[in-house]
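Residues per chain are reported as follows:
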Amino acid sequence: MTSQIAIIGIIFVTFLWGSWFQTVKHLGNFPVHAFISLMYGISVIIVWISIALLGNQMIPNGFLEEVGSNPGLMLAIFACGIVFGIAMQLQLTVVKKIGLILSTSVSATCSILGGTIVSAIFAGIPEGVSIVSLFVASALLIMATITCQYAGVLRDKEKQMGEDKQESRMQDILFLAFINLILMSFYPLANSIGLRSALNPDGFSSLTCMGILVVGAFAGSSLFTLILLKKEKKSFSDIMSLISKRKLLFLASIAALCHFGGNVLHAILAPIVSVAIATVVGNSYHAWSYIWGLIYGEFKGTSAKTKAILFGGILLFAAGVVLLSLNSI
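Values in this document were obtained by computation on a predicted structure and should not be read as measured data.

Scoring rules and cut-offs
- Residues numbered from 1 in each chain as written.
- Predicted model: local features only at pLDDT ≥ 70, side-chain atom pairs only at ≥ 80, totals over all residues.
- Heavy atoms only, no water.
- Helix = DSSP H or I, 4+ residues; strand = E, 2+ residues; numbered from the N terminus.
- Buried < 20%, exposed > 50% of the residue type's maximum accessible area, 1.4 Å probe, protein only.
- Contact = heavy atoms within 4.5 Å.
- Areas by Shrake-Rupley, 256 points an atom, 1.4 Å probe, with all protein chains shown as cover.
- Phe/Tyr/Trp six-rings, centres within 6.5 Å; stacked < 30°, edge-to-face > 60°.
- Polar contact = N/O pair within 3.5 Å; in protein donor to acceptor, adjacent residues only side chain to side chain.
- Axes fitted to C-alpha atoms, helices over the stretch in contact; angles between N-to-C directions.
- Parallel < 35°, antiparallel > 145°, perpendicular 65-115°, else oblique.
- Left-handed = near helix turned anticlockwise from the far one by under 90°.
- Nonpolar A, V, L, I, M, F, W, Y, C, P; charged D, E, K, R; others polar.
- Core = buried A, V, L, I, M, F, W, Y, C linked by side-chain atoms within 4.5 Å.
- Expected span 1.5 Å × (residues − 1).
- Arc of directions from axis to C-beta.
- Salt bridge = Lys/Arg side-chain N within 4 Å of Asp/Glu carboxyl O.
- Patch = residues over 30% accessible without salt bridge, like charges linked within 9 Å, V, L, I, M, F, W, Y side chains within 5 Å.
- Disulfide = S-S within 2.5 Å.

Focus on the overall build of the protein
- Along the protein, the regular secondary structure elements total 14 helices and zero strands.
- Tracing the protein from N to C terminus, the helices and strands come up as α-α-α-α-α-α-α-α-α-α-α-α-α-α.
- Counting the 329 residues in the protein, one finds 55% classified as buried.
- Intrachain contacts of the protein at a sequence separation of at least 6 include 88% that bridge at least 24 residues.
- Here the protein displays about 14,500 Å² of accessible surface, and carbon together with sulfur accounts for 70% of that area.

Here's what the structure looks like:
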């Protein structure tokens, strides 16, 4: 597969990643944390069906032999998955509280910064791509998030948001920054140390890495859910009775296909262009979040100036991806 096709595939992955958590908008009163655990449970099924069907072609030595050759790496990826699953739980809880546009502007800035640094350090930079171009592209993506965040500030002023709500929102923003700068960086860390590539010949195949990571994410997410269920004094049977609803199963399946289906595709394509480049291009998925936020009416009733600033931020996202793509293909 050529690097050009790989880049196009990663851009498609950004659409999947930027779209799956729209399902949270349709949960009604169903607990977000229980939904995320259900999604990861279905993700485990999806990834391991992929391993069963494609393992002979993509894992030549077999999953057990590959994992047995480096148990330390397996445990490291599993631990990253646990932290990643908990981080996703925390992030989606904040998204539901403060809205898609504002939460994305904060999470994008921090995850781009953290992901770029982690992948550059642990995965390395391929020949022909300078560290300068990588960080210039990252800087464009960060500028994009700041521009979109400014549009969000103007929106709040135009809608005359109260000071109490703004103070509460600032606490959520700081918490979201911690989640994305620190906790969410464990996903690119797992890819950087776990995926076999020219720069990391001792890593695992894509499906092996994702098979371990998804089990860790399910474990971390489920632990988070069980703790909250106990805190909320709800029984596990109460949640299971709600899960049986077809709508919830459908939403969780769509989310799982987009989320970890996208992760599997990204893991297959990333070594072709390098994990560092794939991480930066992948972070442009936040642009889709802004587009979905517009579709859901988060900027409805705002001025033309505010909308123009938001579109300018989205264009900066596109510029960052184009710059990096031209330097890597």
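Let's talk about helix H12 (residues 275-282)
- The buried fraction of H12 is high, at eight of eight residues.
- Within H12 the residues assigned to the buried category are Val275, Ala276, Ile277, Ala278, Thr279, Val280, Val281 and Gly282.

So, the packing of aromatic side chains
- Summed over the entire model, instances satisfying the criterion amount to six aromatic pairs.
- Taking the centre distance of 5.0 Å and the plane angle of 80° together, the rings of Phe15 and Trp288 count as edge-to-face. Here Trp288 lies in helix H13 (residues 286-295) and Phe15 lies in helix H1 (residues 3-17), a separation of 273 residues in the sequence.
- In this structure Phe15 comes out as partly exposed when scored by relative accessible area, which is 31%.

Structural notes on the side chain of Thr225
- Relative to the elements of secondary structure, Thr225 occurs in helix H9 (residues 206-231).
- Engagement of the side chain of Thr225 in a polar contact is seen with the side chain of Ser37, the distance being 2.6 Å.
- With residues near it in sequence (within four places) discarded, Thr225 still touches His33, Ala34, Ser37 and Gln89.

A look at the packing of helix H2 (residues 32-58) against H9
- H9 packs onto H2 with a crossing angle of 165° between their chain directions and a minimal axis gap of 9 Å. Taken together, the axes of H2 and H9 lie roughly antiparallel to each other. In this structure, H2 crosses over H9, and the sense of that crossing is left-handed.
- Classifying every residue of the contact of H2 with H9 by side-chain character gives 18 nonpolar, nine polar and no charged.

Considerations on the nonpolar core
- Within the largest apolar cluster, 70 residues are counted, with the highest numbers of intra-cluster contacts made by Trp20, Phe35 and Phe260.
- Among all residues touching Phe260, those that are not within four sequence positions of it are Tyr40, Ser43, Val47, Phe84, Met210, Leu213, Val214 and Ala217.

So, H1
- The terminal C-alpha atoms of H1 lie 21 Å apart, and with 15 residues this matches the ideal 21 Å at 1.5 Å per residue to within 8%.
- By the burial criterion, the buried members of H1 are Ser3, Ala6, Ile7, Gly9, Ile10, Val13, Thr14, Leu16 and Trp17. Seen along its axis, H1 keeps its buried residues to an arc of 160°; they face one direction.

What about the pattern of salt bridges?
- Applying the stated criterion across every chain yields a total of one salt bridge.
- A salt bridge links Glu66 to Arg196; the nearest nitrogen and oxygen atoms lie 2.5 Å apart. Placement of Glu66 in helix H3 (residues 63-68) and of Arg196 in the loop between helix H8 (186-194) and H9 is noted, with a sequence separation of 130 residues between them.
- Note on Arg196: relative accessible area 34%, which makes it partly exposed.

Quick look at a nonpolar patch on the surface
- Taken together, Leu113, Ile117, Ile121, Phe122, Ile131, Val132, Phe135, Val136, Phe175, Phe178, Leu181 and Ile182 make up a surface patch of nonpolar side chains, about 1,000 Å² in accessible area.
- For the nonpolar patch, the elements supplying multiple residues, two or more each, are helix H5 (100-122), helix H6 (131-158) and helix H7 (163-183).
- Inspection of the secondary structure assignment puts Leu181 in helix H7.
- Taking relative accessible area as the criterion, Leu181 reaches 34% and is therefore assigned partly exposed.

Observations regarding the packing of H1 against helix H11 (residues 246-273)
- Running from N to C, H1 and H11 cross one another at 155°; their axes reach a closest spacing of 9 Å. Here H1 lies roughly antiparallel to H11, going by the angle between them. Note that H1 runs across H11; the crossing there is left-handed. Residues Ser3, Ala6, Ile7, Gly9, Ile10, Phe12, Val13, Leu16 and Trp17 of H1 touch H11, and the partners they reach there are Cys258, His259, Gly262, Asn263, Leu265, His266, Leu269, Ile272 and Val273.
- Partitioned by chemical class, the residues of the contact of H1 with H11 number twelve nonpolar, six polar and no charged.

Some remarks on unusual backbone geometry
- Positive phi, close to 95°, is recorded for Ser274, a residue that is not glycine.
- Along the polypeptide, Ser274 turns up in the loop between H11 and H12.

Brief notes about the state of the cysteines
- All told, the structure shown has zero disulfides when counted by the stated rule.
- A disulfide-free cysteine, Cys80 has its sulfur positioned 8.8 Å from the sulfur of Cys209, the nearest such atom.

Section: the environment of Thr116
- For Thr116, the position within the fold is in helix H5.
- Considering only alpha carbons, one finds Thr116 and Ile277, 161 residues apart in sequence, at a separation of 8.4 Å.

Quick look at the environment of Phe135
- As for its position among the elements, Phe135 is in helix H6.
- Classification of Phe135 as partly exposed rests on a relative accessible area of 34%.
- Placed 19 residues apart in sequence, Phe135 and Thr116 show a C-alpha to C-alpha distance of 7.7 Å.
- Here Phe135 is in contact with Thr116 and Ile117, once residues within four sequence places are set aside.

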